[in-house]
Amino acid sequence: MKRIAGVAVAILLYSAIVFYFGWNVATWLELYIPINIWLFGIVWGLVAFGFIIGRFSHKLRLFSIVGSYWIIVMQYGIILFPIATVLTWIFPSHLNLIGWIVFGIFIFILILGTYNAYTPVVRELSIMLPKKGSKLESIKVVVASDFHLGLLSNRAHLTRFVKKANAEKPDLVLLAGDLVDDDPIWFVQKGMSEVMKQLTSTYGIYGVLGNHEYYGKKIPLLVEEMEASNVRMLLDETILVADSFYLTGREDLTNKKRKQLSELSPEERDLPWFVMDHTPSNLLIPEKEKVDFHVSGHTHLGQMWPNHLFTRKIFELDYGYRQKGSLHAIVSSGFGFWGPPIRLGSQSELWSVNIKLEDGEV
């Protein structure tokens, strides 16, 4: 009962915010064109609830797309509309100017955010790890996460990744979760497998599940499609690669039954140990278990400013590289995006990591 009451309160609060935003926009528009308030209200409501409507059927994907962009209005409207309201009270004769300023800020956010989302960069890093018994002198690793492949993070965006990754001539490619946006249907229907197959690597391409694969509840289909795309999914397992290093892929934290990292530890610790774990929930554990190289994603670095202030509080390492004892950890902000194709304060990226293996302790 409490849960139902909580949902009802959340819907009422959300509806009130939607109404407030709509009232602001309609008031401004009426300065220039006549508004049928009922027609405007229906369209405004469909847009505001589009993200939810689109969940009912794949045929309603237009609502999903529109709803994704609505998230921008919610994210920044919470800041901009109250300021605009106060300014209008102070300067009532300048409603038109205030409205244009708010509109201009949204356009600026859309343009800059779209550029950051669809113009990925390569982050380069060089680290040294103990060679132990490895036959290799060095390994170049491409790390990427959070593709959210679907309607907006689409085949064209995946093509950008494949081209940039292949240009790095990697020995190893690690895809650290949230490969699709909940449901792999668009990965299948848009033929993204054919693009993924073009990805090349000396010692293979490996992936793990993220929280959104669990939300989609079609993990077997996702795994099947990735395997057909030459991406080996590691589901709570540790493998030996090229007789030179161990690679572990963990189930995401969403799976409460996932194995402990200690259960996945190699029996022999005579080689470097790499671990993929989508959510960087606790770096103390891989440090304690003597992991050498640990990669994650999930945080998106907040994706849209100022959300990074929250991810910084939640995670010990919410973005970038950190050495913690003998552990070298990377958290990527992701190659794709969740919701709107917008990034402010972050940029779509992949990491190119040059790992030099040296004798003795490093």
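This text follows the structure it describes.
Parameters and conventions
- Residues numbered from 1 in each chain as written.
- Predicted model: local features only at pLDDT ≥ 70, side-chain atom pairs only at ≥ 80, totals over all residues.
- Heavy atoms only, no water.
- Core = buried A, V, L, I, M, F, W, Y, C linked by side-chain atoms within 4.5 Å.
- Buried < 20%, exposed > 50% of the residue type's maximum accessible area, 1.4 Å probe, protein only.
- Helix = DSSP H or I, 4+ residues; strand = E, 2+ residues; numbered from the N terminus.
- Contact = heavy atoms within 4.5 Å.
- Pairing = 2+ DSSP bridges.
- Axes fitted to C-alpha atoms, helices over the stretch in contact; angles between N-to-C directions.
- Left-handed = near helix turned anticlockwise from the far one by under 90°.
- Nonpolar A, V, L, I, M, F, W, Y, C, P; charged D, E, K, R; others polar.
- Arc of directions from axis to C-beta.
- Phe/Tyr/Trp six-rings, centres within 6.5 Å; stacked < 30°, edge-to-face > 60°.
- Polar contact = N/O pair within 3.5 Å; in protein donor to acceptor, adjacent residues only side chain to side chain.

Details of the nonpolar core
Turning to step 1, where the next piece is worked out: With 28 residues, the main nonpolar core has L158, F161, L175, M196 and M226 as its most contacted residues.
Turning to step 2, where the next piece is worked out: Those elements that place two or more of their residues in this core are β2 (138-144), α6 (155-167), β3 (172-175), α8 (192-196) and α10 (219-228).
Turning to step 3, where the next piece is worked out: When neighbours within four sequence positions are excluded, M196 is seen to be in contact with L149, L158, L175, F187, M226, S229 and V231.

Let's talk about the environment of I219
Turning to step 1, where the next piece is worked out: Tracing the backbone through its elements, the reader meets I219 in helix α10.
Turning to step 2, where the next piece is worked out: Separated by 36 residues in the primary sequence, I219 and D183 place their C-alpha atoms 8.8 Å from one another.

Some words on the sheet that holds β3
Turning to step 1, where the next piece is worked out: Taken in spatial order, the 6 strands line up as β1-β12-β2-β3-β4-β5 in an open sheet, and their pairing is mixed. The two strands at the open ends of the sheet, each matched to only one other strand, are β1 (121-130) and β5 (232-233).
Turning to step 2, where the next piece is worked out: Bridge analysis of strand β4 (residues 205-207) against β5 gives 2 bridges, and the strand direction is parallel. Residue pairing for β5: G207 is matched across the bridge by M233.

Re the sheet that holds strand β8 (residues 273-276)
Turning to step 1, where the next piece is worked out: Here 6 strands make up an open sheet; going across it, the order is β6-β7-β8-β9-β11-β10 and the pairing mixed. At either margin of the open sheet sits one strand with a lone partner, and together these are β6 (237-241) and β10 (320-324). On average, each strand axis in the sheet is tilted by 20 degrees relative to the strand beside it, whichever way the strands run.
Turning to step 2, where the next piece is worked out: When β6 meets strand β7 (residues 245-249), the two strands line up antiparallel, connected through 5 bridges. Paired with E237 across the bridge in β7 is G249.

Brief notes about the packing of helix α1 (residues 2-29) against helix α4 (residues 61-90)
Turning to step 1, where the next piece is worked out: Here α1 crosses α4 at 65 degrees, and the two axes come no closer than 10 Å. Taken as a pair, α1 and α4 cross one another with a handedness that is left-handed. On α4, the residues touching Y14, I17, V18, Y20, F21, N24 and V25 of α1 are W70, V73, M74, G77, I78, F81, P82 and T85.
Turning to step 2, where the next piece is worked out: Here the contact of α1 with α4 is built from residues that sort into 12 nonpolar, 3 polar and no charged.

A short note on α10
Turning to step 1, where the next piece is worked out: For α10, every residue scored as buried is listed here: I219, L222, V223, E225 and M226. All buried residues of α10 project into a common sector of 165 degrees when viewed along the axis, lining one side. Across α10 from its buried face, at more than 90 degrees, point the exposed residues P220 and E224.
Turning to step 2, where the next piece is worked out: Where α10 is buried, its residues contact α7 (185-189), α8, α9 (211-216) and β5.
Turning to step 3, where the next piece is worked out: Taken from the residues just after α10, N230 is the one with a positive phi, measuring 70 degrees.

A word on the packing of aromatic side chains
Turning to step 1, where the next piece is worked out: With the rule as written, the count across this model stands at 19 aromatic pairs.
Turning to step 2, where the next piece is worked out: Ring plane angle 85 degrees and centroid distance 5.0 Å describe the contact between W28 and W100, whose orientation is recorded as edge-to-face. Residue W28 is found in helix α1, and its partner W100 is found in helix α5 (residues 95-118); the two are separated by 72 residues along the sequence.
Turning to step 3, where the next piece is worked out: Seen in terms of ring centroids, F274 and F293 are 5.3 Å apart; in terms of plane orientation they differ by 75 degrees. Their pairing is edge-to-face.

Let's talk about the side chain of E168
Turning to step 1, where the next piece is worked out: Relative to the elements of secondary structure, E168 occurs in the loop between α6 and β3.
Turning to step 2, where the next piece is worked out: What makes E168 buried here is its relative accessible area of 14%.
Turning to step 3, where the next piece is worked out: A polar atom in the side chain of E168 sits 2.8 Å from the side chain of S352.
Turning to step 4, where the next piece is worked out: For E168, the contacting residues outside a window of four places in its chain are V122, K140, V142 and S352.

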